[in-house]
Amino acid sequence: MIRWGNKMAMSRIRRKGGKFMEMNVLALTTVGRKSGAERTTPVAWFPGTDGSWLIVASAGGAARDEAWRQITAASPRFAKYQEKTDRQLPVIRLVPRSG
């Protein structure tokens, strides 16, 4: 079900741009450490105060309280996700490379 939803979201993002379910969305491509296989996943992003992009991950990473406040202010839906679990939802900060 999740794979189907991701495929649907990616198709829509490619056709209509970076909005899905009223959120800014980007296509994040990662490369498997062992397999070397590329995987592209749609992820919601939120503007950081320093020009970076904040994304919410489902596992791993460290907690960043200020970033989480920015995310839940922009999309209260994520605060509800946190209430449903006993684990922390980590935030990853993507910073543009200079030059």
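Computed from a predicted model, the values in this text were never measured in an experiment.

Definitions and limits used
- Residues numbered from 1 in each chain as written.
- Predicted model: local features only at pLDDT ≥ 70, side-chain atom pairs only at ≥ 80, totals over all residues.
- Heavy atoms only, no water.
- Helix = DSSP H or I, 4+ residues; strand = E, 2+ residues; numbered from the N terminus.
- Buried < 20%, exposed > 50% of the residue type's maximum accessible area, 1.4 Å probe, protein only.
- Contact = heavy atoms within 4.5 Å.
- Areas by Shrake-Rupley, 256 points an atom, 1.4 Å probe, with all protein chains shown as cover.
- Phe/Tyr/Trp six-rings, centres within 6.5 Å; stacked < 30°, edge-to-face > 60°.
- Pairing = 2+ DSSP bridges.
- pLDDT = per-residue confidence, 0-100.

A. Fine view of the overall build of the chain. Broken down by element type, the chain carries three helices and five strands. Starting at the N terminus and ending at the C terminus, the chain contains elements arranged as α-β-β-β-β-α-α-β. Classification of the 99 residues of the chain by burial places 29% in the buried group. The long-range fraction of contacts in the chain, counting pairs at least 24 apart against all pairs at least 6 apart in sequence, stands at 45%. Summing over all exposed atoms, the chain offers an accessible surface of approximately 7500 Å²; the carbon and sulfur share of this is 53%.

B. Region of interest: the packing of aromatic side chains. Scanning the model with the defined rule gives three aromatic pairs in all. Between Phe 46 and Phe 78, the aromatic rings sit 5.6 Å apart at their centres with planes inclined by 85°, giving edge-to-face as the arrangement. Placement of Phe 46 in strand S3 (residues 38-47) and of Phe 78 in helix H3 (residues 77-83) is noted, with a sequence separation of 32 residues between them. Considering the side-chain rings of Phe 78 and Tyr 81, the 5.1 Å spacing of their centres and the 75° angle between planes classify their relative orientation as edge-to-face.

C. Focus on the environment of Ile 13. Residue placement: Ile 13 occurs in helix H1 (residues 2-16). The class of Ile 13 is buried, set by a relative accessible area of 10%. Residues in contact with Ile 13, not counting those within four places in the same chain, are Gly 18, Val 25 and Pro 42.

D. The pairing of strand S4 (residues 53-56), seen in detail. Of the pairings in the sheet, the one linking S3 to S4 comprises three bridges and is antiparallel in character. In the strand pairing of S4, Phe 46 is matched with Leu 54. Counted along the chain from S3 to the antiparallel partner S4, the turn is five residues long, and its residue Gly 51 has a positive phi close to 90°. Relative to strand S5 (residues 91-94), S4 runs antiparallel, the two being bridged by four bridges. Of the residues in S5, the one forming a bridge with Val 56 is Val 91.

E. Representation of the confidence of the model for the chain within the structure. Per-chain confidence: the chain averages 76 in pLDDT, with 80% of residues scoring 70 or above. Contacts from residues 58-63, a stretch scored under 50 in pLDDT, to residues over four places away or in other chains number nine contacts.

F. Quick peek at helix H2 (residues 65-74). Listed in full, the buried residues belonging to H2 are Ala 67, Trp 68, Gln 70, Ile 71 and Thr 72. Taken together, the buried residues of H2 touch S3, S4, H3 and S5.

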